[in-house]
Amino acid sequence: MTGGRLGLRRPTTTVYGMLRLRTIGRKSGRERAVIVAYFEDGPNLVTMAMNGWDDAPPAWWLNLRAQPLATVVLPGRARRHVRAREAEDVERERLWAVFRTLENDGSDLDALAALRSRPTPVIVLEPVEATR
(Lines give C-alpha, C1' and ligand atoms only; values in the text may rest on other atoms or scores of the structure.)
Protein backbone atom coordinates (compact mmCIF):
# COMPACT_ATOMS: atom_id res chain seq x y z
CA MET A 1 0.00 0.00 0.00
CA THR A 2 2.77 2.49 0.88
CA GLY A 3 5.32 1.08 -1.56
CA GLY A 4 7.70 0.37 1.33
CA ARG A 5 7.95 4.01 2.37
CA LEU A 6 6.49 3.56 5.85
CA GLY A 7 9.08 4.03 8.57
CA LEU A 8 11.67 5.83 6.44
CA ARG A 9 12.77 9.36 7.31
CA ARG A 10 15.58 11.75 6.47
CA PRO A 11 18.18 12.55 9.12
CA THR A 12 18.42 16.02 10.62
CA THR A 13 21.23 17.61 12.61
CA THR A 14 19.69 16.25 15.82
CA VAL A 15 17.83 13.06 14.80
CA TYR A 16 19.09 10.07 12.83
CA GLY A 17 17.21 9.01 9.72
CA MET A 18 15.79 5.61 8.85
CA LEU A 19 16.57 3.75 5.60
CA ARG A 20 15.76 0.35 4.18
CA LEU A 21 18.85 -1.80 3.63
CA ARG A 22 18.62 -4.68 1.16
CA THR A 23 21.28 -7.37 1.49
CA ILE A 24 21.78 -10.84 0.04
CA GLY A 25 21.48 -13.66 2.59
CA ARG A 26 24.85 -15.32 3.10
CA LYS A 27 23.23 -18.77 3.42
CA SER A 28 20.03 -18.47 1.39
CA GLY A 29 21.23 -16.19 -1.41
CA ARG A 30 17.86 -14.44 -1.15
CA GLU A 31 17.30 -10.73 -0.79
CA ARG A 32 16.72 -9.58 2.79
CA ALA A 33 15.53 -6.15 3.92
CA VAL A 34 15.78 -4.33 7.23
CA ILE A 35 15.23 -0.75 8.36
CA VAL A 36 18.24 0.82 10.12
CA ALA A 37 19.12 4.21 11.58
CA TYR A 38 21.60 6.29 9.61
CA PHE A 39 23.15 9.68 9.07
CA GLU A 40 24.96 11.15 6.09
CA ASP A 41 28.71 11.69 6.05
CA GLY A 42 29.38 13.40 2.75
CA PRO A 43 28.30 10.92 0.05
CA ASN A 44 28.38 8.02 2.53
CA LEU A 45 25.61 6.70 4.75
CA VAL A 46 26.60 5.57 8.25
CA THR A 47 24.85 3.10 10.55
CA MET A 48 25.65 0.89 13.54
CA ALA A 49 25.63 -2.92 13.37
CA MET A 50 23.56 -3.77 16.39
CA ASN A 51 20.86 -6.22 17.27
CA GLY A 52 19.23 -4.05 19.89
CA TRP A 53 21.99 -3.98 22.46
CA ASP A 54 22.32 -7.76 22.41
CA ASP A 55 25.82 -9.14 21.97
CA ALA A 56 25.07 -11.09 18.81
CA PRO A 57 25.70 -9.22 15.54
CA PRO A 58 22.63 -8.58 13.39
CA ALA A 59 22.07 -10.93 10.44
CA TRP A 60 22.22 -7.99 8.00
CA TRP A 61 25.79 -7.24 9.10
CA LEU A 62 26.81 -10.89 8.74
CA ASN A 63 25.28 -10.79 5.25
CA LEU A 64 27.22 -7.63 4.36
CA ARG A 65 30.48 -9.09 5.62
CA ALA A 66 29.93 -12.03 3.25
CA GLN A 67 28.69 -9.85 0.37
CA PRO A 68 29.38 -6.11 0.90
CA LEU A 69 27.36 -4.93 -2.12
CA ALA A 70 23.83 -3.89 -1.18
CA THR A 71 21.04 -1.48 -2.03
CA VAL A 72 19.48 1.14 0.20
CA VAL A 73 16.10 2.75 -0.18
CA LEU A 74 16.01 6.28 1.19
CA PRO A 75 13.00 8.38 2.15
CA GLY A 76 11.21 9.45 -1.02
CA ARG A 77 11.99 6.02 -2.56
CA ALA A 78 15.42 7.01 -3.88
CA ARG A 79 17.57 3.89 -4.34
CA ARG A 80 21.31 3.79 -4.02
CA HIS A 81 23.78 0.96 -4.59
CA VAL A 82 26.38 0.80 -1.85
CA ARG A 83 29.41 -1.14 -0.66
CA ALA A 84 29.60 -1.71 3.09
CA ARG A 85 32.72 -1.56 5.19
CA GLU A 86 33.45 -1.26 8.89
CA ALA A 87 34.89 2.05 10.07
CA GLU A 88 38.05 1.67 12.12
CA ASP A 89 40.25 3.68 14.46
CA VAL A 90 39.99 7.47 14.09
CA GLU A 91 37.20 7.27 11.53
CA ARG A 92 35.13 5.04 13.83
CA GLU A 93 35.60 7.41 16.76
CA ARG A 94 34.60 10.41 14.63
CA LEU A 95 31.45 8.69 13.36
CA TRP A 96 30.56 7.33 16.81
CA ALA A 97 30.78 10.89 18.13
CA VAL A 98 28.19 11.95 15.53
CA PHE A 99 25.84 9.21 16.74
CA ARG A 100 26.25 10.60 20.28
CA THR A 101 24.78 13.91 19.09
CA LEU A 102 21.79 12.12 17.57
CA GLU A 103 20.86 9.87 20.49
CA ASN A 104 19.17 12.19 22.98
CA ASP A 105 22.32 13.88 24.27
CA GLY A 106 24.54 10.84 23.72
CA SER A 107 24.80 10.05 27.41
CA ASP A 108 22.94 6.75 26.99
CA LEU A 109 24.80 5.61 23.88
CA ASP A 110 28.10 4.82 25.59
CA ALA A 111 26.36 3.26 28.61
CA LEU A 112 24.29 1.00 26.38
CA ALA A 113 27.30 0.10 24.25
CA ALA A 114 29.17 -0.89 27.41
CA LEU A 115 26.60 -3.67 27.91
CA ARG A 116 28.13 -5.47 24.93
CA SER A 117 31.29 -7.57 25.19
CA ARG A 118 32.80 -5.95 22.08
CA PRO A 119 32.59 -2.55 20.39
CA THR A 120 29.53 -1.92 18.24
CA PRO A 121 30.65 -1.86 14.59
CA VAL A 122 30.08 1.42 12.79
CA ILE A 123 29.24 0.67 9.17
CA VAL A 124 29.96 2.97 6.24
CA LEU A 125 27.83 2.49 3.15
CA GLU A 126 29.74 3.97 0.22
CA PRO A 127 27.94 4.68 -3.07
CA VAL A 128 28.93 2.49 -6.03
CA GLU A 129 27.79 1.98 -9.60
CA ALA A 130 25.13 -0.71 -9.96
CA THR A 131 26.78 -4.11 -10.48
CA ARG A 132 23.88 -6.52 -10.13
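Up top is the structure these notes are about.
So, here is what we can say about the structure in this document. Every chain begins its residue count from 1, and numbering advances along the sequence as written. This being a predicted model, a pLDDT of at least 70 is required before a residue's local features are given, and a value of 80 or more before pairs of side-chain atoms are given or counted; all residues contribute to the totals for chains, interfaces and linings. The basis for every side-chain value is the complete set of heavy atoms in the structure, and neither hydrogens nor water enter the calculation.

**Quick notes on the pairing of strand β1 (residues 17–24)**
Here is step 1: Only protein chains enter the accessibility calculation, which uses a 1.4 Å probe; a residue is then buried when its area is under 20% of its type maximum, exposed when over 50%, and partly exposed in between. Numbering of helices and strands starts at the N terminus; helices are DSSP runs of H or I of at least 4 residues and strands are runs of E of at least 2. Of all 8 residues in β1, 7 are buried; the element is thus mostly enclosed.
Here is step 2: Pairs of strands are assigned from DSSP output, requiring at least two bridges between the strands. Sheet topology places β1 next to strand β2 (residues 31–41); 8 bridges connect them, and they run antiparallel. Residue pairing for β2: Gly-17 is matched across the bridge by Tyr-38.
Here is step 3: Sheet topology note: the β1/strand β4 (residues 69–73) ladder contains 3 bridges and is antiparallel.

**Section: the packing of aromatic side chains**
Here is step 1: Pairing of aromatic side chains here covers Phe, Tyr and the six-membered ring of Trp, requires ring centres within 6.5 Å, and sorts the geometry by plane angle: under 30 degrees stacked, over 60 edge-to-face, intermediate tilted. Going through the model one piece at a time under the given rule, you end up with 1 aromatic pair.
Here is step 2: Ring plane angle 75 degrees and centroid distance 4.9 Å describe the contact between Phe-39 and Phe-99, whose orientation is recorded as edge-to-face. Within this pair, whereas Phe-39 is found in strand β2, its partner Phe-99 is found in helix α2 (residues 89–102), the two being separated by 60 residues in sequence. A single burial state applies to Phe-39 and to Phe-99, both of which are buried.

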